[in-house]
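# Geometric and topological summary
The residues making up each chain are set out below.
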Amino acid sequence: MKIPVSPRLLACCDFISPGDRVADIGCDHGYLGIYLLSKGIASSVIASDIRNEPLQCAVRNSAKFGVQDKITFHLSDGVQNIPRDFDTLVCAGMGGDTMVSILSSAPWLKDKRYRLVLQCQSKTPMLRKYLHDSGWRILEERVLRDGRFLYTVMEVVPYGGYPLTPGECHFPPALLENPSAEVPAYYRWVVGGLEISIHNQGRNADPWKAKALEELKNLPPELSWLKEDSL
């Protein structure tokens, strides 16, 4: 049987190291953890969700794919009610504001034994700003396309953070560490979104967004390739 894992979740799986103990927060139907265990990537999975219905669906799916002995299930608001014996925490498919709320309520995550893999659906600049302002660091970030939409997945560690400029919050330096063909498309999508938002707000335009747009439209010469169609 094929496990129905979306491109977004597959991109998260790429950040998991062999043998990792994984905590999947907001596991929904449980497919990320099931995939990691079925492929022999993760050694164990903690699956949690704030809603009982998807959590019970994940329980059934784990039995369906034969990995129920290596996965535990927890009804939890964020990380409040999960065990702490894991290596990598995955949050996928949430808004940036929800992720900020989860992380800010769990200071114990600021331990070098933990890594985070975050796939944000909205308010990603807010999340990036919070992470770096709070001492976290985005070690790597990748762009992916899922259907008509562009998303990013980031690997985050609890040390080495530094303040980001408004432009970097919208288009972070980590994206340039291993640029793919989707990076220029993501740059243009970010700039276009800022232009629309500022135009629609008129005189009430957010100064932080205006500063971000100014930064991103005035790239140094070595980054001019971002304005092109491909690398």
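The model shown is predicted, which means the values in this text are computed figures rather than measured ones. (Residues numbered from 1 in each chain as written. Predicted model: local features only at pLDDT ≥ 70, side-chain atom pairs only at ≥ 80, totals over all residues. Heavy atoms only, no water.)

### Thoughts on the pairing of strand 2 (residues 44-49)
Where burial is concerned, most of strand 2 is hidden: five out of the six residues are buried. Judged from the five bridges that link them, strand 1 (residues 21-25) and strand 2 form a sheet pairing that is parallel. Directly across from R21, in strand 2, lies its bridge partner S44. Each parallel crossover has a hand, and for strand 1 linked through helix 2 (residues 31-38) to strand 2 it is right-handed. As paired elements, strand 2 and strand 3 (residues 71-75) share five bridges and run parallel to each other. By the bridge assignment, S48 is partnered in strand 3 with H74. On the question of chirality, the crossover connecting strand 2 to the parallel strand 3 by way of helix 3 (residues 52-64) is right-handed. (Buried < 20%, exposed > 50% of the residue type's maximum accessible area, 1.4 Å probe, protein only. Helix = DSSP H or I, 4+ residues; strand = E, 2+ residues; numbered from the N terminus. Pairing = 2+ DSSP bridges. Right-handed = clockwise from strand over helix to strand, strands pointing away.)

### What to know about the packing of aromatic side chains
Following the criterion strictly, the structure yields seven aromatic pairs and no others. Ring geometry for F86 and W108: centres 6.2 Å apart, planes at 70 degrees, overall edge-to-face. Of the two residues, F86 is situated in the loop between strand 3 and strand 4 (88-95) and W108 in the loop between helix 4 (96-104) and strand 5 (115-122); the sequence distance between them amounts to 22 residues. Its relative accessible area of 1% is what places F86 among the buried residues. (Phe/Tyr/Trp six-rings, centres within 6.5 Å; stacked < 30°, edge-to-face > 60°.)

### Details of the pairing of strand 5
Among the eight residues in strand 5, six count as buried, and that is most of the element. As defined by bridge partners, strand 4 adjoins strand 5 across seven bridges and the pair is classed as parallel. Residue pairing in the sheet places A92 in a bridge with Q119 of strand 5.

### Looking at the packing of helix 4 against helix 5 (residues 124-133)
A packed helix pair is summarised by two numbers, namely the angle formed by the two axes and the spacing between the axes. Taken N-terminus to C-terminus, the directions of helix 4 and helix 5 make an angle of 25 degrees; their axes are 8 Å apart at the nearest point. When the axis of helix 4 is compared with that of helix 5, the two are roughly parallel. Crossing of helix 4 against helix 5: the hand is right-handed. Within the contact between the two elements, helix 4 uses G96, D97, M99, V100, L103 and S104 and helix 5 uses M126, L127, Y130 and L131. Grouping the amino acids of the contact of helix 4 with helix 5 by side-chain chemistry returns seven nonpolar, two polar and one charged. (Axes fitted to C-alpha atoms, helices over the stretch in contact; angles between N-to-C directions. Parallel < 35°, antiparallel > 145°, perpendicular 65-115°, else oblique. Left-handed = near helix turned anticlockwise from the far one by under 90°. Contact = heavy atoms within 4.5 Å. Nonpolar A, V, L, I, M, F, W, Y, C, P; charged D, E, K, R; others polar.)

### A few points about the pattern of salt bridges
Counted under the stated rule, the structure contains 13 salt bridges. Here D111 ties to R113 by a salt bridge, and the two come within 3.7 Å at their closest N and O atoms. Look at R113 and you get exposed, because its relative accessible area is 51%. For K129, the salt bridge identified is with D133, shortest N-O distance 2.7 Å. One end of the pair, K129, and the other, D133, are both in helix 5, four residues apart, so they sit about a helical turn from each other. A relative accessible area of 46% means that D133 is categorised as partly exposed. The structure contains a network of salt bridges with shared partners spanning D20, R115 and E155. (Salt bridge = Lys/Arg side-chain N within 4 Å of Asp/Glu carboxyl O.)

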